[in-house]
Amino acid sequence: MNVLVINCGSSSLKYQLINSESEQVLAKGLCERIGIDGRLVYQLAGNDKEITETPMPTHKEAIQLVLDALVNEKTGAVKDLKEIDAVGHRVVHGGEKFASSVVLTEDVLAQIEECNDLAPLHNPANLIGIRACKELMPNVPMVGVFDTAFHQTMPSTAYLYGLPYEYYEKYKVRRYGFHGTSHSFVSKRAAEYLNLDLNNSKIIVAHLGNGASISAVKDGKCVDTSMGLTPLEGLVMGTRCGDIDPAIMEFIAKKENLDIEGVMNVLNKKSGVEGMSGVSSDFRDLQAAYEEGNERAIAAVEVFAYRVAKYIGSYVAAMNGVDAIAFTAGIGENVYFVRRIIMKYLGYLGIEVDDEANVATRGIEGIISTADSKVPVAVIPTNEELAICRETVALI
Ligand code: AMP
């Protein structure tokens, strides 16, 4: 079966066509600057990227261009659109309505729309992509895979805020968590890779990318995660601040003469390791600055790693133990020196770092703790598109 996986943003759209039997990517790419001018990137497996500047006033034209590229006589991945058997859509927020993936019926789309308030930048864009796909491929089954769904198993002790309860009742203000597709995929794969019984295991997944979150997965189910109502809570990220004293918002608003949008913009886009270091949100730049002895870059990286280590400690407490720790996403998979700083805090768990393996493991699966380490630590590359493909196939 061939599954088209679509991740639709407000002005961009990423896609992959995956064969579900071989789990090979047949073609992938993205549409950028939708509604502005338009740029299609298309790459058939084994070939170079093709980049075409072409108008795409709406998501519908963008998806049409993707479909045309996929069936192109010379460089297409399939001969006919009939060879696309299903579409899996990433949907950011499913609120409390969706604890698993669903087939996208009109009724489901209406329910996703009801979650728009919770993710005003993302859900409307996801819905536009789904509707455009449905128009262009009316007979192809479509599935929605939610970033929040995996975390719906969190107990109320983990998801309730210390706020007036009526805000939860009236507005569903609670912790939801994000990157759920990745946390689910990586925890399952970590159990398999480390020969653990998923249904009887305690795994901590550290998804460290530009957006970063960490989760506690007990017996295959999420019991806590670091992101909250929005992806701003938790770890220090590329440009997001993560946990702070909420009173800072009023303090900064007064000092800098900012309104609430202005403060939120600072917390989301001007903070994190970029705001702290003044260098970059990208860990490649940060590593260079760190090695040159740039004090602010060193402070930013140390704060980033310390926050991860503190969360790991709190999730060991939440699960009353831990059987494995998995690092994933851009930083978790590639940046050995950050993993090393984090793991230095974990000696109390009996964790011993295999320095050579840690340095050598970049973007591939591998165990980075020693054979004597009481808790194995592994790098498990995430693959959200493949996870969406698998979910889609399972549902149809
Ligand atoms: P993500 O959001 O998962 O794509 O992760 C982005 C972050 O991972 C950025 O800070 C990148 O600098 C970092 N990253 C990704 N690939 C590498 C790499 N090969 N070497 C060092 N850092 C990387």
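**Q** Any chance you could explain a nonpolar patch on the surface here in plain terms?
**A** Nonpolar side chains collect at one region of the surface, where V103, L395 and I396 lie side by side and expose about 210 Å² of accessible area between them. Mapped onto the elements, L395 comes out in helix α15 (residues 384-395). When its relative accessible area of 36% is taken as the criterion, L395 is described as partly exposed.

**Q** Which parts of the structure should I look at to understand the sheet that holds strand β14 (residues 377-379)?
**A** Two strands in a sheet stick together by hydrogen bonds in their backbones, pointing the same way (parallel) or opposite ways (antiparallel). The sheet built from six strands is open, its strands ordered β11-β10-β9-β12-β14-β13 with mixed pairing. The open sheet is flanked by β11 (221-225) and β13 (366-367), the only strands paired with a single partner. Summarising the sheet, strand β9 (residues 202-208) and strand β10 (residues 212-218) pair through seven bridges and their orientation is antiparallel. Within β10, the position partnered with H207 by the bridge is S213.

**Q** Please explain the packing of aromatic side chains as it appears in this structure.
**A** Any two aromatic rings considered together are summarised by their centre-to-centre distance and by the angle between their planes. Per the counting criterion, the structure on display carries eight aromatic pairs. When the ring of Y306 is compared with that of Y345, the centres are 5.5 Å apart and the planes differ by 55°; the resulting orientation is tilted. With Y306 in helix α11 (residues 295-319) and Y345 in the loop between α13 (336-344) and α14 (355-360), the pair connects residues that are 39 residues apart, well separated along the chain. Here Y306 falls in the partly exposed class, since its relative accessible area comes to 41%. A residue is classified by how much of its surface remains accessible, and Y345, at 36% relative accessible area, is partly exposed. Three or more aromatic residues link up through ring pairs in this structure, and these residues are Y159, Y165 and Y168. When the ring centre of Y159 is taken as reference, the NZ or CZ atom of R174 above it lies at 3.6 Å. Here the basic side chain of R174 rests over the ring of Y176, its NZ or CZ set 4.7 Å away from the ring centre.

Calculation notes
Residues numbered from 1 in each chain as written. Predicted model: local features only at pLDDT ≥ 70, side-chain atom pairs only at ≥ 80, totals over all residues. Heavy atoms only, no water. Patch = residues over 30% accessible without salt bridge, like charges linked within 9 Å, V, L, I, M, F, W, Y side chains within 5 Å. Areas by Shrake-Rupley, 256 points an atom, 1.4 Å probe, with all protein chains shown as cover. Salt bridge = Lys/Arg side-chain N within 4 Å of Asp/Glu carboxyl O. Helix = DSSP H or I, 4+ residues; strand = E, 2+ residues; numbered from the N terminus. Buried < 20%, exposed > 50% of the residue type's maximum accessible area, 1.4 Å probe, protein only. Pairing = 2+ DSSP bridges. Phe/Tyr/Trp six-rings, centres within 6.5 Å; stacked < 30°, edge-to-face > 60°. Lys NZ or Arg CZ within 6 Å of the ring centre and 35° of its normal.

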